[in-house]
Amino acid sequence: MAYRCKTLIATEGDSSNQEKRLSICLVADGFSFSVTSPDGTLFAFGEAEGQHAASITDATRDIKAFFADAGIRPLGYKNIELVAVSDENAWVPDELYSTVANRQYLRLLGGTADTVLSAPCKALGSTMVFSANDHLIMAFKVALPGVVVINQHVKIASLASRSISHPVIVSHWRQGRVDLAAMNEGRYLYGNTISFANMDEASFQIIEVMKLFGADKPNTELMLCGDVDRELYGRLRPYFPTTTLFSGTATKFASPEFKKLHTYRHALILF
């Protein structure tokens, strides 16, 4: 089997999946997943690591085998969501969007990807166009019927309501890149993936976004999630009135073992 189980915490809880949500985050060297209930209870969390198979058939087999070995039955969920973390992204207003132009949208922004997917965002009246591993996405669709595929920016856009009372900068960190979104008064103002060579460059980029979109207020909040450590947190904290680690919205744990998780590292599958 291509995928090895890096982390697995699972509880039986209610045997019915009908009201639960299965969320998956796809990355270059594997994927993570969570099973949550409508009230925010976390029932299962796992990480699969390994090389993605090169064919749809093999990838489908590996995905099914991993979930079977983990004791997770990937059927009957209220919804199944797959977040494909992407480096090349573009928001296109719905009135200008055309499926046949997907590749051109990214190339206008310097994108080089040959395989492009799209995901609508009703809240913004826009469609996100993003690069993706097409055969791997298709394998998940075969293995998990009904799965809805989005990327990290569509997911982050759903947090706009958190900015009703104060400006919010959401930052999702990964190796050499940060996915940023600026929000204020309940509105999504900006979202993009920014590459950086060092923390000085990253700090400068975030501060520029804050100033450019009018989020430099006395009550601005910087939310950090993903690959965050003490050094990163300490580096950015002096520049913002409030700096918080965002851990999603799963506020209840079906097992005490979940308290050992650094949930902010996996926030994309916990809200």
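Residues numbered from 1 in each chain as written. Predicted model: local features only at pLDDT ≥ 70, side-chain atom pairs only at ≥ 80, totals over all residues. Heavy atoms only, no water.

### Describing the packing of aromatic side chains
Two measures describe an aromatic ring pair: the distance that separates the ring centres and the angle between the ring planes.
Point 1. On inspection of all chains with the given rule, the structure shows 12 aromatic pairs.
Point 2. Seen in terms of ring centroids, Tyr3 and Phe31 are 5.2 Å apart; in terms of plane orientation they differ by 80°. Their pairing is edge-to-face. Taken together, the positions of Tyr3 in the segment before β1 (4–10) and Phe31 in strand β3 (residues 30–36) put the pair 28 residues apart, joining distant regions of the chain. In terms of burial, Tyr3 and Phe31 fall into one category: buried.
Point 3. Relative to Phe140, the ring of Phe31 lies with its centre 5.4 Å away and its plane at 85°, an arrangement referred to as edge-to-face. Taken together, the residues span a long stretch of sequence, with Phe31 in strand β3 and Phe140 in helix α3 (residues 134–143) at a distance of 109 residues.
Point 4. Judged by relative accessible area, which is 2%, Phe31 ranks as buried.
Point 5. Aromatic ring contacts, followed pair by pair, group Tyr3, Phe31, Phe33, Phe66, Phe67 and Phe140 into a single cluster. (Phe/Tyr/Trp six-rings, centres within 6.5 Å; stacked < 30°, edge-to-face > 60°. Helix = DSSP H or I, 4+ residues; strand = E, 2+ residues; numbered from the N terminus. Buried < 20%, exposed > 50% of the residue type's maximum accessible area, 1.4 Å probe, protein only.)

### Quick word on the nonpolar core
Point 1. Residues Ile24, Phe31, Phe67 and Phe140 are the most contacted members of the largest nonpolar core, which totals 61 residues.
Point 2. Setting aside anything within four residues of it in sequence, one finds Phe140 in contact with Ile24, Leu26, Phe31, Ile63, Leu82 and Val147.
Point 3. Leu180, Ile206, Ile207 and Leu224 belong to the second-largest nonpolar core, a separate cluster that totals 21 residues. (Core = buried A, V, L, I, M, F, W, Y, C linked by side-chain atoms within 4.5 Å. Contact = heavy atoms within 4.5 Å.)

### Topic: the environment of Asp179
Point 1. Structurally, the position occupied by Asp179 is in strand β11 (residues 177–184).
Point 2. Look at Asp179 and you get buried, because its relative accessible area is 0%.
Point 3. Counting along the chain gives 26 residues from Asp179 to His153, while the straight-line C-alpha distance between them is 7.4 Å.
Point 4. In contact with Asp179, not counting residues within four places along its chain, are Gln152, His153, Ile156, Val170, Ser171, His172, Arg174, Asn192 and Thr193.
Point 5. For Asp179, the side chain forms a polar contact with the side chain of His172, separated by 2.8 Å. (Polar contact = N/O pair within 3.5 Å; in protein donor to acceptor, adjacent residues only side chain to side chain.)

### Some remarks on the sheet that holds β11
Point 1. Read from one edge of the open sheet, five strands run β12-β11-β10-β13-β14, paired in mixed fashion. Either end of the sheet is taken by a strand with one partner, and the two such strands are β12 (187–195) and β14 (242–245). When the angles between neighbouring strand axes are averaged without regard to direction, this sheet yields 20°.
Point 2. The pairing of strand β13 (residues 221–226) with β14 spans four bridges and is parallel. Bridging from a neighbouring strand, Leu222 pairs with Thr243 of β14.
Point 3. Packing of helix α5 (residues 199–212) onto the sheet brings it into contact with β10 (168–174), β11, β12 and β13, and relative to β10 it is tilted by some 155°. (Pairing = 2+ DSSP bridges. Axes fitted to C-alpha atoms, helices over the stretch in contact; angles between N-to-C directions.)

### Notes on the state of the cysteines
Point 1. The tally for this structure, following the rule as stated, stands at zero disulfides.
Point 2. Cys25 takes part in no disulfide bond, and the closest cysteine sulfur, belonging to Cys225, lies 10.0 Å away. (Disulfide = S-S within 2.5 Å.)

Purely geometric numbers; function is a separate question.
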